[in-house]
Amino acid sequence: MNQPARRYLSSLAAAGVRRIPRGHSKGPAEAPAPEPGDAEAALTALAAEVRECTRCSLCKTRTQAVPGEGNPHPDIVFVGEGPGADEDRTGRPFVGRAGALLDDIITKGMKKQRADVYIANVVKCRPPENRAPTSEESEACRPFLERQLEILAPKAICVLGNTAAHLLLDNDLPMSRMRGQPFAWRQIPVVPTYHPAYLLRSPEAKRPAWEDIQRLMKVASSS
Ligand code: SF4
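A brief structural summary.

### Observations regarding the site of the ligand
Taken together, Cys 53, Arg 55, Cys 56, Leu 58, Cys 59, Arg 62, Lys 124, Cys 125, Ala 140, Cys 141 and Phe 144 make up all the residues around the ligand. Residues of the shell around the ligand, tallied by class, amount to 8 nonpolar, no polar and 3 charged.

Structure, rendered in C-alpha cells:
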C-alpha cells in the first residue's frame, strides 16, 4: 500500500482506534476498522456499509448502490457526480456512454488501465431521472467519499464536473474558473475538469479537458 494510507491506518491502530473515523460529524454509522495496512479490506467494509445505507431518500429509488471501484492503492482517484441508469443496474461506476469516454481518457490518453485508478461518485445512489443530486443528498453521502479518499490517499484527485468540484473544494465557481487553478483536499492536489457526460454533449470541450488530464498526470507524478 502507499505510504500515506499506511501511515493513516497505523496511526489509528497506535492510538487504539478500532474503527475508521468519519470525515463528517453527521456521517453514517462507522464500519469496523480493518487491520492496519489493509486498504482493500477497509474499502470492502465501506462498500458494504454503502449498500445498506438509508441516510437519504435516494435509497428508496435505487436498484442498488454504487460504492466505487478500482485500485486500492491508486495514484489517481476520479470523482464523478452520481450513478446513472447503467450504473444503477450494474452496481459499477462509469459504465455507460460517459464511462466509455472515461475509459478512453484513461487508456488512450493516460496510457493506464482502468484498474490502475479508483473511480467513485459524490452520491452512491442514482438520483431519479438522472437529475443532479441535491445539496442535502450530497452532504448525506459526503462521509463515504471522504472516507474513501482517506483510505486511498492518492497522489491526485480529479473531480469530474461541478458537483464533485463544489463538494470537495467548498466553492461554487463555474468549471471555466476552476480549470487550471491549483486546488487541494486535505493536502492532496485536486484537478477539476469537465464531466465526461458534458464532453459527450459538448465535443469542443474535449481539448481543454485533455489539457486538464495532462496536468493531472503531471501533478500525480510530482506528488
Ligand atoms: S446516496 Fe449516499 S447517503 Fe444517500 S442513501 Fe445512497 S449511500 Fe446513503
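Past the structure itself, the notes keep going.
### Some details on the pattern of salt bridges
Scanning the entire structure with this criterion turns up 14 salt bridges. With its nearest N and O atoms 2.8 Å apart, the salt bridge here joins Glu 69 to Arg 92. Note that Glu 69 is positioned in strand 1 (residues 69-70) and Arg 92 in the loop between helix 3 (85-90) and helix 4 (97-109), a separation of 23 residues in sequence. The salt bridge partner of Arg 114 is Asp 103, with a shortest N-O separation of 2.9 Å. Pair noted here: Arg 114 is in the loop between helix 4 and strand 3 (118-121) and Asp 103 is in helix 4, with a separation of 11 residues, a long-range link. Overall, the relative accessible area of 16% leaves Arg 114 in the buried class. Overlapping salt bridges, with partners in common, bring together Glu 139, Arg 142, Glu 146, Glu 150 and Arg 186 in one network.

### Observations regarding the nonpolar core
Ranked by size, the top nonpolar core spans 55 residues in total, and within it Phe 78, Val 79, Met 110, Leu 145, Ile 157, Val 159 and Leu 216 carry the most contacts. With 6 residues, helix 5 (residues 135-152) is the largest single contributor of residues to this core. Look past the residues within four positions of Met 110 in its chain and what remains in contact with it is Ile 76, Phe 78, Ile 105, Ile 213, Leu 216 and Met 217.

### A few points about the environment of Leu 58
You can see Leu 58 is positioned in the loop between helix 2 (39-52) and strand 1. Separated by 70 residues in the primary sequence, Leu 58 and Pro 128 place their C-alpha atoms 7.9 Å from one another. Ignoring anything within four residues of it in the chain, the contact list for Leu 58 reads Val 123, Cys 125, Arg 126, Pro 127, Pro 128, Arg 131 and Glu 137.

### Looking at the pairing of strand 2 (residues 76-80)
A large share of strand 2 lies buried, amounting to 5 of its 5 residues. Alternating positions in strand 2 separate into two faces, Ile 76, Phe 78 and Gly 80 on one and Val 77 and Val 79 on the other, with burial throughout. Relative to strand 4 (residues 156-160), strand 2 is paired through 4 bridges, and the arrangement is parallel. Each bridged residue has a counterpart across the sheet, and for Ile 76 the counterpart in strand 4 is Ala 156. As judged from the 4 bridges shared by strand 2 and strand 3, these two strands associate in the parallel manner. Across the sheet, residue Val 79 finds its bridge partner in strand 3, namely Ala 120.

Parameters at a glance
- Residues numbered from 1 in each chain as written.
- Predicted model: local features only at pLDDT ≥ 70, side-chain atom pairs only at ≥ 80, totals over all residues.
- Heavy atoms only, no water.
- Near = heavy atom within 4 Å.
- Nonpolar A, V, L, I, M, F, W, Y, C, P; charged D, E, K, R; others polar.
- Salt bridge = Lys/Arg side-chain N within 4 Å of Asp/Glu carboxyl O.
- Helix = DSSP H or I, 4+ residues; strand = E, 2+ residues; numbered from the N terminus.
- Buried < 20%, exposed > 50% of the residue type's maximum accessible area, 1.4 Å probe, protein only.
- Core = buried A, V, L, I, M, F, W, Y, C linked by side-chain atoms within 4.5 Å.
- Contact = heavy atoms within 4.5 Å.
- Pairing = 2+ DSSP bridges.

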